[in-house]
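Each chain is listed here by its residues.
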Amino acid sequence: MPEESNGKNIFTLLEVTQSIQKMFALHYSGSFWIKAEMNKLGYYAQSGHCFPELVEKQDGKIIAKIEARIWKSDYLRINENFKRVVRDVLKDGIKILFLAKVDYKPEYGLTLMISDIDPDFTLGDFERERLETIKRLQEEGLFDRNRSLQFPMLPKRIAIISDMDSRGYQDFISIFEIAKKSWGYNFFYMLFTASLQGDKALASIPLQLDRILKVKHHFDIVAIIRGGGGELSFTCYNNYGLSKKIATYPLPVVTGIGHVTNLTVVDMVAYQSSITPTKLAEFFIQKFHNFSVPVNEAEEKIREKALRLISDLKIKFESEVKLFKSVTYNILLRNNNALREHTHSVIRQANFIFKNESGYLESFREKIKKDSLLFCSSEKQNLIQVGLSIKKDTLTHLRRLALTINRSISQLSNGYRMIVKARNIELTNVEKNINNMKPENVLKRGYSITLLNNKSVTVYSKLKPGDTIKTVLLNGNVISTVNSTSKPDDK
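Parameters and conventions
- Residues numbered from 1 in each chain as written.
- Predicted model: local features only at pLDDT ≥ 70, side-chain atom pairs only at ≥ 80, totals over all residues.
- Heavy atoms only, no water.
- Helix = DSSP H or I, 4+ residues; strand = E, 2+ residues; numbered from the N terminus.
- Buried < 20%, exposed > 50% of the residue type's maximum accessible area, 1.4 Å probe, protein only.
- Contact = heavy atoms within 4.5 Å.
- Areas by Shrake-Rupley, 256 points an atom, 1.4 Å probe, with all protein chains shown as cover.
- Polar contact = N/O pair within 3.5 Å; in protein donor to acceptor, adjacent residues only side chain to side chain.
- Axes fitted to C-alpha atoms, helices over the stretch in contact; angles between N-to-C directions.
- Parallel < 35°, antiparallel > 145°, perpendicular 65-115°, else oblique.
- Left-handed = near helix turned anticlockwise from the far one by under 90°.
- Nonpolar A, V, L, I, M, F, W, Y, C, P; charged D, E, K, R; others polar.
- Salt bridge = Lys/Arg side-chain N within 4 Å of Asp/Glu carboxyl O.
- 1 Å grid on protein atoms, 1.4 Å probe; cavity = no way out; pocket = protein on both sides within 12 Å on 5 of 7 lines; lining within 4 Å.
- Points joined across faces, edges and corners; volume = space filled by probe spheres on them.
- Core = buried A, V, L, I, M, F, W, Y, C linked by side-chain atoms within 4.5 Å.
- Phe/Tyr/Trp six-rings, centres within 6.5 Å; stacked < 30°, edge-to-face > 60°.
- Lys NZ or Arg CZ within 6 Å of the ring centre and 35° of its normal.
- Pairing = 2+ DSSP bridges.

K.L.:
What is the right way to look at the overall build of the protein in this model?
P.N.:
Summing up its helical and strand segments, the protein has 10 helices and 16 strands in all. Put simply, the protein has 491 residues, and 33% of those count as buried. Long-range contacts, defined here as pairs at least 24 residues apart, represent 64% of the contacts in the protein between residues at least 6 apart. Carbon together with sulfur atoms contributes 54% to the accessible area of the protein, which is approximately 31300 Å² in total.

Structure (structure tokens):
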């Protein structure tokens, strides 16, 4: 009963709370199905009890809030049922439909005693959000926007949104490392760290997308990567805001967020989605395979045709060299013989002239000697003067003849030297061409020689699968085994 003091009825706090307790017991004696968002689960591992904080939101603002309680025995049963249906555990930030009884105790206040939770409602709420987001993006014409972008032929520069400690991120990078060791594929990637679950993902992923946008010219593509998890951890990827951000992003976005059930909306609007980060990395590797295999085949065809062309040209060149040597030798031999004949002819003519002139002088000298006895001294003197004059004319004639002979010999020598010089130049050019065709010089230009049993192979049909071949390069050899051969495509 209230106390009276100065005309006032005064109640104790216990009396008021007990009155409230009686009112709740009278009007809320049964259990009710209630829907709300579990803002915090409030699980205590030591006791096994849960003290959830339940809220209702409108336009992102809390319009109602109340504390609840789940005893350990009820929690274990509810959580197991939840995992069986939803494939995930109870956690913060999910909407639930729960059976509860209103409980009011003077010492603890008002609380809801939860005895059961319907997992189908939670699952249906996620699916409802997913379908609403898909419908809205389709109505706005944004659903296929990112998939309409041009995908790079070789996506080498990748901006990765993930958590550094995520197992999915580690698996993704390890595939790239294997590709580099096995095939020499080099990727440039940069990690933009973000939270990948719940409301934190809805804030951090768009933030990192905006950061990448500022340096988008450094990247070909954006990859969102995370490991596996429960079904509820993927609900953020059905959010309209995040899905729209990815659908309208100016770079192709690919996802590998580690789940095998229905695709999230983010997966559906992204350019490419894979069920795991490993599968996504293999998608990139396949892109490189699709490019490198035709290039390698073309390289092999070019090499085979180049070797065949070199071999044909080498044979033709060797034939031309032999012909050139033969023709040059014959020309030199013929010119040498002609020069020798001309030289002998000049010498013979000179000897003949000298011999004739000497005989003439000798006979003239004898005649002068005989006639000198018959003439007087004055006549003898005149005759001697005449003889000397004739001798002088003869010597002058001989000198001129000798000069003519010397000039002829000089001209022949100069002609011979010019011929020899021209032939030496031609032989030098031939030697240079021969040096250019030497195997070591051909190898320096990027070609190689394939040997089977230490014999050069120029035709693919000489090889069969299982043959061990040696490829000779400039700085070493490569030993390999033939897997297959194919007919060259002349086109």
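K.L.:
Got a minute to help me understand the side chain of Asp467 in this structure?
P.N.:
Along the chain, Asp467 turns up in the loop between strand E14 (455–456) and strand E15 (468–472). Overall, the relative accessible area of 11% leaves Asp467 in the buried class. In terms of polar contacts, Asp467 uses its side chain to reach the backbone amide nitrogen of Lys464, at 2.9 Å. Leaving out residues up to four positions away in the same chain, Asp467 has contacts with Leu452, Lys462, Ser480, Thr481 and Val482.

K.L.:
Looking at this structure, I do not really get the packing of helix H5 (residues 198–214) against helix H6 (residues 240–247). What am I missing?
P.N.:
Angle between the axes and distance between the axes are the two parameters that describe a pair of packed helices. Closest axis-to-axis distance for the H5/H6 pair is 10 Å, and the angle between their directions is 20°. In terms of axis orientation, H5 runs roughly parallel to H6. H6 is crossed by H5, and the crossing has left-handed handedness. Counting all contacts with H5, which are made through Leu202, Ile205, Pro206, Leu209 and Asp210, the residues of H6 involved are Leu242, Lys245 and Ile246. Taken together, the residues that form the contact of H5 with H6 break down as 6 nonpolar, no polar and 2 charged.

K.L.:
Would you take a moment to explain the pattern of salt bridges for this structure?
P.N.:
Applying the stated criterion to the full structure yields 14 salt bridges. The salt bridge involving Glu282 is made with Lys279; its shortest N-O contact spans 3.9 Å. Of the two residues, Glu282 and Lys279 both sit in helix H8 (residues 277–372), 3 residues apart, roughly one turn of that helix. Classification of Lys279 as partly exposed rests on a relative accessible area of 45%. Residues joined in a network through salt bridges with shared partners are Asp74, Arg77 and Asp116.

K.L.:
What is the right way to read unusual backbone geometry from this model?
P.N.:
Glycine aside, residues mostly have negative phi, and peptide bonds are mostly found in the trans state. Unlike most non-glycine residues, Asn453 shows phi in positive territory, near 55°. Looking at where Asn453 falls in the secondary structure, it is placed in the loop between strand E13 (449–452) and E14. Unusually for a residue other than glycine, Asn454 sits at a positive phi of about 65°. Here Asn454 lies in the loop between E13 and E14. Residue Asn454 is classed as exposed on the basis of its relative accessible area of 66%.

K.L.:
Explanation requested: the layout of surface pockets in the structure shown.
P.N.:
In this approach, a probe sized like a water molecule rolls over the atoms, and the result shows the empty space that is left. Roughly 1200 Å³ of internal volume is contained in the largest pocket. The wall of the largest pocket is formed by 38 residues, among which Glu37, Lys57, Gly93, Ile94 and Lys95 lie closest to the centre. Put simply, the parts of the chain that give the lining of the largest pocket at least two residues each are strand E3 (31–40), strand E4 (53–58), strand E5 (61–69), strand E6 (94–105), helix H3 (119–139) and H5. It is H3 that contributes the most residues to the lining of the largest pocket, 6 residues altogether. Residues belonging to the lining of the largest pocket are distributed by class as follows: 14 nonpolar, 9 polar and 15 charged. Here the second largest pocket is characterised by a volume of approximately 940 Å³. Along the walls of the second largest pocket sit 28 residues, with Glu300, Arg303, Glu304, Ile469 and Ser484 positioned nearest its centre. Of all the secondary structure elements, the ones that give two or more residues to the lining of the second largest pocket are H8, E15 and strand E16 (477–481). Counting residues per element, the lining of the second largest pocket draws most heavily on H8, at 10 residues. Here the residues of the lining of the second largest pocket sort into 9 nonpolar, 11 polar and 8 charged.

K.L.:
Explain the nonpolar core to me, please; I cannot follow it from the model alone.
P.N.:
Buried together is how nonpolar side chains tend to be arranged in soluble globular proteins. Ile161, Ile205, Ile212, Val222, Tyr237 and Ile246 are the most contacted members of the largest nonpolar core, which has 31 residues in total. Of all elements in the fold, only H3, strand E8 (157–162), H5, strand E10 (221–225), H6 and helix H7 (265–269) reach the threshold of two or more residues within this core. Once residues within four sequence positions are removed from consideration, Tyr237 is found in contact with Leu196, Ile205, Arg226, Leu242, Ser243, Ile257, Thr264, Val265 and Val266. Judged by nonpolar contacts, the second largest core, of 24 residues, contains Phe24, Val85, Leu90 and Phe126.

K.L.:
Is there a simple way to think about the packing of aromatic side chains in this case?
P.N.:
Here a ring pair, both rings aromatic, is described through the centre-centre distance and the interplanar angle of the planes. One pass over the full model with this rule turns up 18 aromatic pairs. Look at Phe151 and Tyr271: their rings are 4.7 Å apart centre to centre, the planes differ by 25°, and that puts the pair in the stacked class. Placement of the pair is Phe151 in the loop between H3 and E8 and Tyr271 in the loop between H7 and strand E12 (272–274), with a sequence separation of 120 residues. Between Phe176 and Tyr189, the ring centres sit 6.0 Å apart and the planes meet at 45°, which makes this aromatic pair tilted. In this pair, Phe176 is assigned in helix H4 (residues 167–183) and Tyr189 in strand E9 (residues 188–193), connecting sequence segments 13 residues apart. On the basis of relative accessible area, Tyr189 is assigned to the partly exposed category, the value being 29%. Taken together, Phe151, Phe172, Phe176, Trp183, Tyr185, Phe187, Tyr189, Tyr271, Phe283, Phe284 and Phe288 form an aromatic cluster joined through their ring pairs. Over the ring of Tyr108 we find Arg69, and its NZ or CZ is 5.9 Å from the ring centre. Above the plane of the ring of Phe234 lies Arg226, whose end atom (NZ or CZ) is 4.2 Å from the centre.

K.L.:
Help me understand the sheet that holds E9, please; the structure alone is not making it clear to me.
P.N.:
Paired through their backbone hydrogen bonds, the strands of a sheet run either parallel or antiparallel. Read from one edge of the open sheet, 5 strands run E9-E8-E10-E11-E12, paired in parallel fashion. Strands with a single pairing partner mark the edges of an open sheet, and in this sheet they are E9 and E12. Averaged over all pairs of adjacent strands, the angle between strand axes in this sheet comes to 20°, irrespective of strand direction. Examined bridge by bridge, E8 and E9 share 6 bridges and lie parallel to one another. In the sheet register, Ser162 faces E9, and the bridge partner there is Thr193. Most of the contacts of H5 go to E8, to which it runs at about 160°, and overall it touches E8, E9 and E10.

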